[in-house]
Amino acid sequence: MVLLYVAGGLAGLVVVNVLLGRPVPFLRWSFIRMLFGMKRLLSEWQVGDGREAAAADYVVANAPAGDIDAAIAAIDRFAYRKKFLINVGDEKGAILDAAVDRVKPQRVLELGAYVGYSALRMARRLPAGGQVFSVEFNPSNAAIARRIIDHAGAADRITIVVGSMGDGGKTADALEQQHGFKPGNLDFVFIDHAKEAYLPDLQRILAAGWLHPGSVVVADNVGFPGAPAYRSYMDAEEGKRWHTRAHKTHAEYQKLIADLVLESTLA
Ligand code: MG
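Now for a quick tour of the structure. (Residues numbered from 1 in each chain as written. Predicted model: local features only at pLDDT ≥ 70, side-chain atom pairs only at ≥ 80, totals over all residues. Heavy atoms only, no water.)

## Digging into the coordination of the magnesium ion
Stage number 1. Coordination of the magnesium ion by the protein involves Asp 192 (OD), Asp 220 (OD) and Asn 221 (OD1), with metal-donor separations of 2.0 to 2.1 Å.
Stage number 2. Using a relative accessible area of 12% as the deciding quantity, one classes Asp 192 as buried. (Donors = N, O, S within 2.8 Å, 3.2 Å for Na, K, Ca; no water. Buried < 20%, exposed > 50% of the residue type's maximum accessible area, 1.4 Å probe, protein only.)

Set out below in structure tokens:
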């Protein structure tokens, strides 16, 4: 998994070297630094150079308080100009926006908050009364995401829950007992955390019974770095339990690495 990410990143850099002279953001040191921090990134969900906390400082310094659009734009600017971040980003974010617009969910579950970027994007499009619950493994990322979300004035629509769906039921219990999750009341899921956890965590969500016919699950990074088990599952279930639209796109904040976002509707 780590090797796949690093090999893909290095392959991208080789392509970039062929195209030298073009302004390619991920030739910047911050992207290469991220590749060096990849093992830590994939175990702790921070690069290890403080960039996630710096992103929050940047948002607080550069976006007016209470302005969700400005907060989202500031995170994108930080990722393009300062340090690369593994947010869903602006290009794939528009795919996520369109899915939220189509579903108009009252209850959204996100797996992997990171700095809160995609939670903000989804919260911005929610109908009145809609809520995003974002499960984040790393308490430090959760604190960073909360700081950005508070600054953006979106804390009334986004709840960050520290934990993981694979922790033996602890987080699932908290979602049910503290956050109102119950059979059939989950309209939308955005999966963007550990790539090997996509399928087992979706199966845990299905087993909990929270989804209903018409619930939509959007999965990031199915093309790069890839979630092969999840992709095979959706392929096998096509026209049966799920109907999937595959969106061909690019990995975040650059145009050379292709990525795939799957938007799957439960039958
Ligand atoms: Mg992602």
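There is more to say, and it comes next.
## Structural notes on the packing of helix 5 (residues 68–82) against helix 7 (residues 117–125)
Stage number 1. Relative orientation of the contacting elements helix 5 and helix 7 amounts to 150°, with a least axis distance of 10 Å. By the angle class used here, helix 5 and helix 7 are roughly antiparallel. For the element pair helix 5 and helix 7, the recorded crossing hand is left-handed. For the pair formed by helix 5 and helix 7, the contact residues are Ile 68, Asp 69, Ala 71, Ile 72, Ile 75 and Asp 76 on the first element and Tyr 117, Leu 120, Arg 121, Ala 123 and Arg 124 on the second.
Stage number 2. Residue composition of the contact of helix 5 with helix 7, grouped by class: seven nonpolar, no polar and four charged. (Axes fitted to C-alpha atoms, helices over the stretch in contact; angles between N-to-C directions. Helix = DSSP H or I, 4+ residues; strand = E, 2+ residues; numbered from the N terminus. Parallel < 35°, antiparallel > 145°, perpendicular 65-115°, else oblique. Left-handed = near helix turned anticlockwise from the far one by under 90°. Contact = heavy atoms within 4.5 Å. Nonpolar A, V, L, I, M, F, W, Y, C, P; charged D, E, K, R; others polar.)

## Thoughts on the layout of surface pockets
Stage number 1. Approximately 440 Å³ is the volume found for the largest pocket.
Stage number 2. Considering the residues around the largest pocket, the lining is formed by 31 residues, among which Trp 45, Gly 112, Phe 137, His 193 and Ala 194 are closest to the centre.
Stage number 3. Elements represented by at least two residues in the lining of the largest pocket include exactly helix 3 (38–44), helix 7 and strand 2 (131–136).
Stage number 4. For the lining of the largest pocket, a count of residues per class yields 14 nonpolar, ten polar and seven charged. (1 Å grid on protein atoms, 1.4 Å probe; cavity = no way out; pocket = protein on both sides within 12 Å on 5 of 7 lines; lining within 4 Å. Points joined across faces, edges and corners; volume = space filled by probe spheres on them.)

## Overview of the pattern of salt bridges
Stage number 1. Tallying each qualifying case throughout the model produces 16 salt bridges.
Stage number 2. Glu 252 serves as the salt-bridge partner of Lys 92, at 2.7 Å between the closest nitrogen and oxygen. Placement of Lys 92 in helix 6 (residues 89–103) and of Glu 252 in the loop between strand 6 (242–250) and strand 7 (258–266) is noted, with a sequence separation of 160 residues between them.
Stage number 3. Since its relative accessible area comes to 5%, Glu 252 is described here as buried.
Stage number 4. The partner of Glu 263 in a salt bridge is Arg 102, with the nearest N and O atoms 2.7 Å apart. Residue Glu 263 is located in strand 7, and its partner Arg 102 is located in helix 6; the two are separated by 161 residues in the primary sequence. (Salt bridge = Lys/Arg side-chain N within 4 Å of Asp/Glu carboxyl O.)

## Comments concerning the packing of aromatic side chains
Stage number 1. A complete count under the given rule lists seven aromatic pairs for this structure.
Stage number 2. Ring geometry for Phe 181 versus Trp 210: centroids 5.0 Å apart, planes at 65°, classification edge-to-face. With a gap of 29 residues between them, Phe 181 in the loop between helix 9 (170–179) and strand 4 (186–191) and Trp 210 in the loop between helix 10 (198–208) and strand 5 (211–219) connect regions that are remote in the sequence. Across the pair, Trp 210 and Phe 181 agree in class, each one buried.
Stage number 3. Taking 5.6 Å as the distance between ring centres and 90° as the angle between the ring planes, the aromatic pair formed by Tyr 198 and Tyr 230 counts as edge-to-face. With Tyr 198 in helix 10 and Tyr 230 in helix 12 (residues 228–237), this pair connects stretches of sequence that are 32 residues apart.
Stage number 4. Tyr 198 sits in the buried class, given a relative accessible area of 0%.
Stage number 5. Site record: aromatic cluster; members linked through ring pairs are Phe 31, Tyr 80, Phe 84 and Tyr 253.
Stage number 6. The ring of Phe 181 is capped by Arg 107, whose NZ or CZ atom sits 4.8 Å from the centre of that ring. (Phe/Tyr/Trp six-rings, centres within 6.5 Å; stacked < 30°, edge-to-face > 60°. Lys NZ or Arg CZ within 6 Å of the ring centre and 35° of its normal.)

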